[in-house]
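Below are the chains, spelled out letter by letter.
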Amino acid sequence: MPKSNADVAVAGNGVLGLSIALELVRRSPGLRVVVAGPASRPGAATVAAGAMLNCFAEVTDSTDRHPASRAKFALARAALDAWPHWLEGLHDEETGLGPTLVAPGTFVVLGARSTPTATRSFDAVHAALKEHAEPHHEVAADDIPGLRAVPNERPVRALYLEREGAVDARAVLQALENTGRLLGVTFLDSQVSQLLGTRDAVNGMLLADGTELSAGAVVVAAGAVSQSLLDQLVPDVTPPLLHGTGFAVQTMRHIAPGFDSVIRTPTRSGACGMHLVPLGGGVEYIGATNIVLFDPSPGPRIGVTQSLLRFATDQFDTRLGMSAIQRWHYGSRPVSLDRFPLLGPTSTPGLFVATGTYRDGFHSSPMIAGHLANLILNPGSTPELLAPFTPQRPPIETMTVEASIDLFVSDAVETATEYGLRLPYFLDTDPVAAQARNEANQALERLDRPLALTPEILAAIRDASPEHIQRLNTYLNTTPPRRPAPTRADLVLQPE
Ligand SMILES: Cc1cc2nc3c(=O)[nH]c(=O)nc-3n(C[C@H](O)[C@H](O)[C@H](O)COP(=O)(O)OP(=O)(O)OC[C@H]3O[C@@H](n4cnc5c(N)ncnc54)[C@H](O)[C@@H]3O)c2cc1C
């Protein structure tokens, strides 16, 4: 069996694995760092990402409501400042220069038919921009270059965020790998099939090609599939990871002018909102769908695919209908049960985790890499900012169970409306709401203790296999709740 040695071995070659490896060798030249992961990166989130560098554009009305949400925002805010320097430090193989922003700013638009959630998110974005004196200005729809929405979808309000642009995720990934190689990082084109060691100490990993890699520290950064690796040494103590499956298309403009900045909706029901990222030369990235699942489907579903394309042409530019599809992207955002990232050391000495970043891990990657590298090189001190995201934790609950059921219900009604539900004046959406309430309660009934979860996670639990539910319950029974747990009687159950 081939053997190899490293000081730090990283399982996973997405943006997090590569950025952490790079930060390690920058901070400690000569450190032997190995990154293992398949070069083709099947299902990787990073490859599919629009790579918007969005912090304020991601704000919702719940960003300020819980310490963990505030910590996540603080991380994203620090990343916003860090990106220009981070890009300068990367080297593209051909040019020797760092990748640049493909789009310099972001328009956040609120369409005429926006749902109440989208409107609340838009207001929250605006309030946060003002509170933090972040450069922005309000714009009229007529002043957004490239915009041509259908009349009933035209933006009624819009903001331009000067510092929030986008990069080409694939180009940055390539530049990260190239820069890491120049600084001595070793890349192995192979899956990690097993972590080596015991619960008391990790000492390396076994690769699918049979290579045994011994290492003083191991970082699990394998995206949504990190769960299977964590199960080997720290089973049932980290919030389970799910796949936030996302679909996007890359198109070539046929009818000019197209966009020269990112254009996006605020965060809205069930997903991250729709966005278009101009990649240059008429190429545009249109994303993204979001369906959270325990077991991802092998490809995007036709239903959401159809809606994404329709929403983009209706809400951004009808001329997109003439663009040619160059390729499509499909990847799994790593999302944890409580939707917060898993970042830092575990109870197994030497074993670190960096995953669960869900929708904005690309943007936060420079900060995450810096903190993780520091923790690995100076074990024992978790910075206050990362404390809420310690990988071994009970689920973070940011609302009551009742509020989470109500959110599931309003989300279902809003999604139905977004997808075209239109009722005659003498009917209301009560039947849709009642059905959704039953579904939420049925999903919660599958858990050994009631839990406040977001709508897309509750939907995944509703549809999960009994095996996944059993594992989830084992985790819940292993990790004591943070607060007095609500009882079943606390749940407002609707009659069937
Ligand atoms: C459609 C879409 C759009 C997005 N848009 C944005 C955006 O605009 N802005 C933003 O900030 N974020 C965005 N995200 C989220 C962002 O992509 C993720 O948060 C981030 O890329 C996660 O990076 P990662 O390295 O943790 O995971 P991944 O990118 O999934 O990387 C994990 C890597 O591990 C490898 N791997 C898997 N199994 C193993 C194994 N056993 N051994 C070794 N390696 C393994 C995989 O091949 C993969 O390369 C988007 C995601 C999607 C899907």
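Residues numbered from 1 in each chain as written. Predicted model: local features only at pLDDT ≥ 70, side-chain atom pairs only at ≥ 80, totals over all residues. Heavy atoms only, no water.

**Details of the overall build of the protein chain**
Here's step 1: The helix and strand inventory of the protein chain stands at twelve helices and 17 strands.
Here's step 2: Rg of the C-alpha trace for the protein chain: 22 Å, near the compact-globule value of 23 Å for 496 residues, within the 12% margin.
Here's step 3: If one aligns the C-alpha atoms of the protein chain with their principal axes, the spans along those axes are about 70 × 60 × 40 Å.
Here's step 4: As displayed, the protein chain offers around 20200 Å² of accessible surface, 54% of which is attributable to carbon and sulfur atoms.
Here's step 5: Averaging the locations of the 39 positively and 51 negatively charged side chains of the protein chain gives two centres separated by 1 Å. (Helix = DSSP H or I, 4+ residues; strand = E, 2+ residues; numbered from the N terminus. Rg over C-alpha atoms; globule rule 2.2 N^0.38 Å. Areas by Shrake-Rupley, 256 points an atom, 1.4 Å probe, with all protein chains shown as cover. Lys, Arg positive; Asp, Glu negative; His and termini not counted. Charge placed at Lys NZ, Arg CZ, Asp CG, Glu CD.)

**So, the site of the ligand**
Here's step 1: Taken together, 35 residues surround the ligand, and among them Asn13, Thr46, Met52, Val192 and His363 come closest.
Here's step 2: Within the backbone of Ala45, a nitrogen or oxygen atom sits 2.9 Å from an oxygen atom of the ligand.
Here's step 3: Relative to its unbound accessible surface of 1000 Å², the ligand loses 96% to contact with the protein.
Here's step 4: At the level of secondary structure, the elements contributing two or more residues to the shell around the ligand comprise helix H1 (15-27), helix H2 (45-48), strand S15 (324-336) and helix H8 (361-377).
Here's step 5: Here the shell around the ligand is built from residues that sort into 18 nonpolar, 13 polar and four charged.
Here's step 6: Counting the residues that make up the shell around the ligand, at least three belong to each of domain 1 (3-47 + 170-239 + 340-389) and domain 2 (56-72 + 98-168 + 242-336). (Near = heavy atom within 4 Å. Polar contact = N/O pair within 3.5 Å; in protein donor to acceptor, adjacent residues only side chain to side chain. Nonpolar A, V, L, I, M, F, W, Y, C, P; charged D, E, K, R; others polar. Domains from an automatic or database assignment.)

**Overview of the domain arrangement of the protein chain**
Here's step 1: Per the domain assignment, the segments of the protein chain are domain 1 (3-47 + 170-239 + 340-389), domain 2 (56-72 + 98-168 + 242-336) and domain 3 (401-490).
Here's step 2: Listed per partner, the contact involves five residues of domain 1 and six residues of domain 3.
Here's step 3: Approximately 480 Å² of surface area, both sides summed, lies buried where domain 1 meets domain 3, with 52% of it carried by carbon and sulfur atoms.
Here's step 4: Of all residues in domain 1, Asp236, Val237 and Tyr358 bury the most surface against domain 3, accounting for 69% of the area lost on that side.
Here's step 5: Linking domain 1 with domain 3 are zero salt bridges. (Contact = heavy atoms within 4.5 Å. Buried area = accessible area lost by both parts, 1.4 Å probe. Salt bridge = Lys/Arg side-chain N within 4 Å of Asp/Glu carboxyl O.)

**Quick word on the packing of helix H9 (residues 401-418) against helix H10 (residues 430-445)**
Here's step 1: Two elements in contact, H9 and H10, have axes whose closest approach is 8 Å; the angle formed by their N-to-C orientations is 135 degrees. As far as their axial angle goes, H10 and H9 are oblique. Considering the relative orientation of H9 and H10, their crossing is right-handed. Touching Val401, Ile405, Asp406, Phe408, Val409, Ala412 and Val413 of H9 are Val432, Ala433, Ala436, Arg437, Glu439, Ala440, Asn441 and Leu444, all from H10.
Here's step 2: Considering only residue class, the contact of H9 with H10 consists of eleven nonpolar, one polar and three charged. (Axes fitted to C-alpha atoms, helices over the stretch in contact; angles between N-to-C directions. Parallel < 35°, antiparallel > 145°, perpendicular 65-115°, else oblique. Left-handed = near helix turned anticlockwise from the far one by under 90°.)

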